[in-house]
Amino acid sequence: MQVSRRHFLGALGAAGLLRPQLVSAGYPGKSPNMVELSAEPPNMEMALEGFNSWITPVEDFYVRCNSPVPAVEISQYRLTLDGLVDRPLTLTMEDLSRMPKVSLVSVVECAGNGRKNYSPKISGSQWNIGAVGNARWAGVRLADILKRAGVKTAAKHAAFDGLDQPEAGKPDFQRSIDVGKALHRDTLLAYEMNGQPLRAEHGYPIRVVTPGWTGNNWVKWVTRITLREDEVDNFFQRDNYRYPLRPVPPGSQPVDPMVTMAPVTALMVKSVISTPVNGARLPLREVKVSGAAWSDGLIARVEVSTDAGRHWHPATLGSDSAPYSWRLWEYRWKPSGPGYHTLMARAEDAKGNRQPLVPEWNPLGYYWNVVQIVSVNIEG
Ligand SMILES: Nc1nc2c(c(=O)[nH]1)N[C@H]1C(S)=C(S)[C@@H](COP(=O)(O)O)O[C@H]1N2
Ligand SMILES: [Mo]
């Protein structure tokens, strides 16, 4: 067995021997290839190579924290369920670990992934392409807990609060989802990511997993679930993570977001070309064009154009597939000759949704899923 240097150092780091050297990308134990947006709170995106692997290793997985990562003493941890329920509950980690364990693979993508590319520019984290990853999540069904508490018929939304405390002057992070999604059998309170306990920056000990939905709904370090009639009254629900109900002209300001905009929920179909990289100089021989594609459900096909969109060819989909996972794909391209070539990939999901050919600007910069353009020089 070959032990890569990175894994070897990782093992030493876990033993606390090499910590200073491992402080990379602003957070201990994260791959040095990650692109750091801010060190504290930690915000970092996956490098392009991450799209070459079906399961994203935790060290490569993007991190998005609105507030500093909280420290948790597991014996003190409690999960409270209250609001419009028949029997309010308080559960320990021990209680949760005794409930049936469920596991599934799902993409999680930050709604703002790609924001950097919108024009006119939009303020907020300037994510480029890697605020997304595909992991195996395991935990308990949120529905199992909700059923124990008994959801009253008046309850329409489930609100989540986590242990993270905002920095001075900033709002707390709270979010709600509609009760239908909360009761969906695939919505989890997860305690594992890729077979390991969640790491601190990914929500230890418990996070919400809403498969097929954007990252803002995947509340980390969750300690309180409140059933409500309406959406939670919080900045991150009211004024943020909302998308216009009707398309708006580029550059317009959000107006009355609770009326004219809806929460960002289901992922939109998207594909990324990870090889070759934009600007690559390649010899004149067959080129592997590859990457990943995802949506809020299954991917039906990916097509590749190597002539600026005149012709499209089916890509071969990877064998690894799960209902909410991304799908790897590849296309073997025989360049017609030397020179500058423009490559594109477009995905279609099982519901027939396709990627747009031009960006659809929106005030808060969400759902960037326009067909990506990669240009390469074939030498000769
Ligand atoms: N408590 C809490 N949960 C949170 C956040 C947060 O700031 N606080 N960020 C959310 C956002 S915007 C995203 S995209 C995902 C990112 O999850 P990750 O850091 O595990 O990749 O967590 C979500 N859950
Ligand atoms: Mo996000």
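Cut-offs and rules
Residues numbered from 1 in each chain as written. Chains lettered and ligands numbered in written order. Predicted model: local features only at pLDDT ≥ 70, side-chain atom pairs only at ≥ 80, totals over all residues. Heavy atoms only, no water. Near = heavy atom within 4 Å. Polar contact = N/O pair within 3.5 Å; in protein donor to acceptor, adjacent residues only side chain to side chain. Areas by Shrake-Rupley, 256 points an atom, 1.4 Å probe, with all protein chains shown as cover. Core = buried A, V, L, I, M, F, W, Y, C linked by side-chain atoms within 4.5 Å. Buried < 20%, exposed > 50% of the residue type's maximum accessible area, 1.4 Å probe, protein only. Helix = DSSP H or I, 4+ residues; strand = E, 2+ residues; numbered from the N terminus. Contact = heavy atoms within 4.5 Å. Arc of directions from axis to C-beta. Pairing = 2+ DSSP bridges. pLDDT = per-residue confidence, 0-100. Salt bridge = Lys/Arg side-chain N within 4 Å of Asp/Glu carboxyl O.

1. Some points on the site of ligand 1
If you check the shell around ligand 1, you find 19 residues, and the closest are Tyr62, Asp164, His202, Arg207 and Lys220. Separating an oxygen atom of ligand 1 from a side-chain N or O atom of Arg207 is a distance of 2.7 Å. Here ligand 1 has 540 Å² of accessible area as a free molecule, and 100% of this is covered by the chains.

2. Some details on the nonpolar core
One finds Leu96, Ile145, Phe160, Leu189 and Ile225 to be the most contacted residues of the largest nonpolar core, which totals 39 residues. Contributions of two or more residues to this core are made by β6 (79-83), β7 (89-91), α3 (93-97), α4 (142-149), β10 (157-162), α5 (179-183), β12 (188-193) and β15 (222-228). If one sorts the elements of this core by residue count, α4 sits on top with four residues. Here Leu189 is in contact with Leu79, Gly139, Val140, Leu142, Ile145, Ile206, Arg207, Val208, Val222 and Ile225, once residues within four sequence places are set aside. By size, the runner-up hydrophobic cluster in this structure holds 20 residues, among which are Ala293, Leu343, Ala347 and Ile378.

3. Examining α4
Counting along an α-helix, one turn takes 3.6 residues, and residues three or four places apart therefore face a common direction. Within the span of α4, buried status applies to Leu142, Ala143, Ile145, Leu146 and Ala149. End-on, the buried residues of α4 take up no more than an arc of 160 degrees, which puts them together on one face. Positive backbone phi, approximately 75 degrees, marks Gly150, located one or two places after α4.

4. A closer look at the sheet that holds strand β23 (residues 316-317)
With antiparallel pairing, four strands are arranged side by side in an open sheet as β18-β20-β24-β23. The open sheet has two free edges, formed respectively by β18 (270-275) and β23, since each of these has just one partner strand. Here β18 runs beside strand β20 (residues 287-294); their pairing, made up of five bridges, is antiparallel. Note that in β20 the partner of Thr275 across the bridge is Ser290.

5. Quick word on the side chain of Ser290
Tracing the sequence through the fold places Ser290 in strand β20. The class for Ser290 is buried, based on a relative accessible area of 7%. Here the side chain of Ser290 touches Thr275 through a polar contact of 2.5 Å, side chain to side chain. Setting aside anything within four residues of it in sequence, one finds Ser290 in contact with Val272, Ile273, Ser274, Thr275, Trp329 and Glu330.

6. Describing the pairing of β15
With four bridges joining them, β6 and β15 adopt parallel strand pairing. Across the sheet, the residue bridging to Asp82 is Thr226, located in β15. One ladder, built from six bridges, connects β10 with β15; its direction is antiparallel. Its bridge partner being in β15, Asp161 is matched across the sheet by Arg224.

7. Side note on the sheet that holds strand β19 (residues 281-283)
The five strands lie next to each other as β19-β26-β25-β21-β22, forming an open sheet whose pairing is mixed. Each of the sheet's edge strands pairs with one partner strand only, and the pair in question is β19 and β22 (313-314). In terms of strand pairing, strand β25 (residues 339-349) meets strand β26 (residues 372-379) through seven bridges, oriented antiparallel. Its bridge partner being in β26, Met344 is matched across the sheet by Ile373.

8. Topic: the confidence of the model for the protein
Chain-level statistics for the protein give a pLDDT mean of 93 and a share of 93% at 70 or above. When mean pLDDT is taken per element in the protein, strand β14 (residues 207-209) scores highest with 99 and helix α2 (residues 19-22) scores lowest with 31. Counting interchain partners and residues more than four positions distant, the pLDDT-below-50 stretch residues 1-24 has 23 contacts.

9. Some words on the environment of Val248
Checked against the element boundaries, Val248 lands in the loop between β16 (242-244) and α7 (257-260). Since its relative accessible area comes to 28%, Val248 is described here as partly exposed. Residues Val248 and Pro363, 115 residues apart in the sequence, show an inter-C-alpha distance of 8.2 Å. In this structure Val248 touches Trp361 and Pro363, once residues within four positions along its chain are discounted.

10. Considering the pattern of salt bridges
By the definition in use, this model includes 21 salt bridges. Between Glu109 and Lys270 there is a salt bridge, with the nearest N and O atoms lying 2.8 Å from each other. Highlighted residues: Glu109 in strand β8 (residues 102-109) and Lys270 in strand β18, separated in sequence by 161 residues. Grouping residues by exposure puts Glu109 and Lys270 together as buried. Its salt-bridge partner being Arg238, residue Asp233 comes within 2.6 Å of it at the nearest N-O pair. A residue is classified by how much of its surface remains accessible, and Asp233, at 57% relative accessible area, is exposed.

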